[in-house]
Amino acid sequence: MSSDTSKRIEKVEVIEKDIASALESAGLVVGELAKDAPSQAFYEQHTKNFLHLVQNIEIGLSEQISYLGRVSSSTVCGNTPRLAEQKSSHGQACLRQAQQSLEERLAAVQGKVAKFDCDSVDMSALTTSHPVNGSGKLEGTPLELS
């Protein structure tokens, strides 16, 4: 096996490891977002890691496909570069879909966290009670700030 072939195989192995790591990061983020009180620092860190890995995967796959296209252009089979590009496009589409799904979940959790913060405020402290129409019934009204 030539030195160039060994280097290519090593690069493909790195891409495979990056794919596994990206899936692991995505799983960690989804697991964290499923919690009642997700840690924003945790899911942001793993989301950034996921996005970085996706970028590395896309670059690595593009380099490999480009190389395969150059090598196979001299072969009898003219479909090989096209097939490789189709597989790459499909892989990239899957990664983009995973990225979009992760971003949507992140946005939903951020909205959930913001809503939780607003809902946790004790609004009863902002009202005062007084009799209305002499009926003796107490109703709350907002405090007036001067």
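No experiment lies behind these values; they were computed from the predicted model shown.

A word on the confidence of the model for the protein chain
Thought 1: On average, the protein chain scores 75 in pLDDT, and the residues at 70 or more come to 68%.
Thought 2: The element-level mean pLDDT for the protein chain is lowest in strand E1 (residues 127-131), coming to 45, with helix H1 (residues 3-33) highest at 90.
Thought 3: Confidence over residues 125-146 falls short of pLDDT 50; this stretch has 21 contacts with residues more than four positions distant or in other chains.

Comments concerning the packing of aromatic side chains
Thought 1: Taken as a whole, this structure holds 0 aromatic pairs when the rule is applied.
Thought 2: Just above the ring of tyrosine 67 sits the side chain of arginine 8; from NZ or CZ to the centre is 3.9 Å.

Concerning the side chain of histidine 46
Thought 1: Note on placement: histidine 46 falls in helix H2 (residues 40-72).
Thought 2: Non-local contacts of histidine 46, meaning those with residues more than four positions away in its chain, are made with Ser25, Leu28 and Val29.

Some thoughts on the packing of H1 against H2
Thought 1: At a closest axis distance of 8 Å, the pairing of H1 and H2 adopts a crossing angle of 150°. As far as their axial angle goes, H2 and H1 are roughly antiparallel. Regarding H1 and H2, the two cross each other, and that crossing is left-handed.
Thought 2: When the residues that make up the contact of H1 with H2 are grouped by side-chain class, the tally is 15 nonpolar, 8 polar and 7 charged.

Section: the nonpolar core
Thought 1: Grouped together as the largest cluster of nonpolar side chains are 14 residues, with contacts concentrated most on Ala22, Val29, Leu33, Tyr43, Phe50 and Ile57.
Thought 2: For this core, the elements supplying multiple residues, two or more each, are H1, H2 and helix H3 (80-119).
Thought 3: Excluding residues that lie within four positions of it along the chain, leucine 33 makes contacts with Pro38, Tyr43, Arg105, Leu106 and Val109.

Regarding the side chain of threonine 47
Thought 1: Within the secondary structure, threonine 47 is located in helix H2.
Thought 2: A residue is classified by how much of its surface remains accessible, and threonine 47, at 6% relative accessible area, is buried.

Basis of the calculations
- Residues numbered from 1 in each chain as written.
- Predicted model: local features only at pLDDT ≥ 70, side-chain atom pairs only at ≥ 80, totals over all residues.
- Heavy atoms only, no water.
- pLDDT = per-residue confidence, 0-100.
- Helix = DSSP H or I, 4+ residues; strand = E, 2+ residues; numbered from the N terminus.
- Contact = heavy atoms within 4.5 Å.
- Phe/Tyr/Trp six-rings, centres within 6.5 Å; stacked < 30°, edge-to-face > 60°.
- Lys NZ or Arg CZ within 6 Å of the ring centre and 35° of its normal.
- Axes fitted to C-alpha atoms, helices over the stretch in contact; angles between N-to-C directions.
- Parallel < 35°, antiparallel > 145°, perpendicular 65-115°, else oblique.
- Left-handed = near helix turned anticlockwise from the far one by under 90°.
- Nonpolar A, V, L, I, M, F, W, Y, C, P; charged D, E, K, R; others polar.
- Core = buried A, V, L, I, M, F, W, Y, C linked by side-chain atoms within 4.5 Å.
- Buried < 20%, exposed > 50% of the residue type's maximum accessible area, 1.4 Å probe, protein only.

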